[in-house]
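Residue-level structural notes
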Amino acid sequence: MAIEYKKNQALFQDFVSVEDAETLLEWLLKKSTARVDMSACTHLHPANLQVLMVAKPVISAWPTDQVLATWIKSVLPAKS
């Protein structure tokens, strides 16, 4: 599974595919104070990006891949 769900944090790992988007949306709708750690994410399908843009969770860690991080930061506002 590309997203591991903890009590109030989603950990993105490796390749986050379109199949992960619906579960991510359902989880974020239940967790109004959710945080997302993307440090281990290497690929993010646009469906998941759209979920993040709508749900607006706090991003606790950006991808370590600088190209991916720059791309994602350009569309997701920084929150703390």
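So, a few notes on the structure that sits alongside this text.

What to know about the packing of helix H1 (residues 21–30) against helix H2 (residues 46–55)
Close contact between H1 and H2 brings their axes to 9 Å; oriented N to C, the two are set at 15°. The pairing of H1 with H2 is recorded here as roughly parallel in orientation. The interaxial crossing formed by H1 with H2 has right-handed handedness. Here H1 contributes Ala 21, Leu 24, Leu 25 and Leu 28 to the contact with H2, which in turn contributes Ala 47, Asn 48, Val 51, Leu 52 and Ala 55.

Description of the pattern of salt bridges
As enumerated under the stated definition, the model contains 1 salt bridge in all. Among the ionic pairs, Lys 6 bridges to Glu 4, the shortest N-O distance being 2.9 Å. According to the relative accessible area criterion, Lys 6 is partly exposed, its value standing at 41%. Using a relative accessible area of 33% as the deciding quantity, one classes Glu 4 as partly exposed.

Focus: the sheet that holds strand E3 (residues 35–44)
Within the open sheet, the 4 strands sit side by side as E1-E2-E3-E4. Their pairing is mixed. Strand pairing shows two members of the sheet lacking a second neighbour, strand E1 (3–5) and strand E4 (58–61), which therefore form its edges. Between one strand and the next, the sheet's axes are offset by a mean angle of 30°, whatever the strand orientation. Two strands pair when backbone bridges link them, and E1 and strand E2 (residues 9–16) are joined in this way by 3 bridges, in the antiparallel orientation. Across the sheet, residue Glu 4 finds its bridge partner in E2, namely Leu 11. Running at roughly 160° to E3, H2 makes contact with E2 and E3 of the sheet.

Brief notes about the nonpolar core
One finds Phe 12, Met 38, Leu 44 and Leu 52 to be the most contacted residues of the largest nonpolar core, which totals 22 residues. When contributions to this core are tallied by element, the ones reaching two or more residues are E2, H1, E3, H2 and helix H3 (66–73). Other than its neighbours up to four places away in sequence, Phe 12 contacts Ala 2, Ile 3, Leu 24, Val 36, Asp 37, Met 38, Ala 40, Cys 41, Leu 44 and Leu 52.

Re the packing of aromatic side chains
A complete count under the given rule lists 1 aromatic pair for this structure. Measuring from centroid to centroid gives 5.0 Å for Tyr 5 and Trp 27, while their planes differ by 45°, and the two rings are tilted. With Tyr 5 in strand E1 and Trp 27 in helix H1, this residue pair connects regions lying 22 residues apart in the sequence. Tyr 5 sits in the partly exposed class, given a relative accessible area of 24%.

Reading guide: rules and limits
- Every residue gets a number counted from 1 within its own chain, in the order that chain's sequence is written.
- It should be noted that, the model being predicted, local features are given only for residues of pLDDT at least 70 and side-chain atom pairs only at 80 or more, the latter also being counted only at that level, while totals for whole chains, interfaces and linings use all residues.
- With hydrogens and water excluded, all non-hydrogen atoms of the structure serve as input to the side-chain values.
- To get an axis, fit a line to the C-alpha atoms, keeping to the stretch in contact for a helix; angles then go from 0 to 180 degrees between the N-to-C directions.
- The secondary structure listing takes helices from DSSP runs of H or I that are at least 4 residues long and strands from runs of E that are at least 2 residues long, numbered from the N terminus.
- The scheme is simple: roughly parallel for angles under 35 degrees, roughly antiparallel for over 145, roughly perpendicular for 65 to 115, oblique for anything else.
- If you view the pair so one helix is near and one far, a crossing is left-handed when the near helix is turned anticlockwise from the far one by less than a right angle, and right-handed when it is turned clockwise.
- Only heavy atoms matter for contacts: two residues are in contact if any of them lie within 4.5 Å across the pair.
- Salt bridges are defined as contacts in which a side-chain nitrogen from Lys or Arg sits within 4 Å of a carboxyl oxygen from Asp or Glu.
- Buried, partly exposed and exposed residues are distinguished by accessible area as a fraction of the type maximum, computed with a 1.4 Å probe on protein chains only: under 20%, between the cut-offs, and over 50%, respectively.
- Here the rule is simple: two strands pair whenever DSSP picks up at least two bridges between them.
- For our purposes a nonpolar core is just a set of buried Ala, Val, Leu, Ile, Met, Phe, Trp, Tyr and Cys residues, chained together by side-chain atoms within 4.5 Å.
- For this analysis, a ring pair means two rings from Phe, Tyr or Trp (six-membered ring only for Trp) whose centres lie within 6.5 Å, classed as stacked if their planes differ by under 30 degrees, edge-to-face if by over 60, and tilted for the remaining angles.

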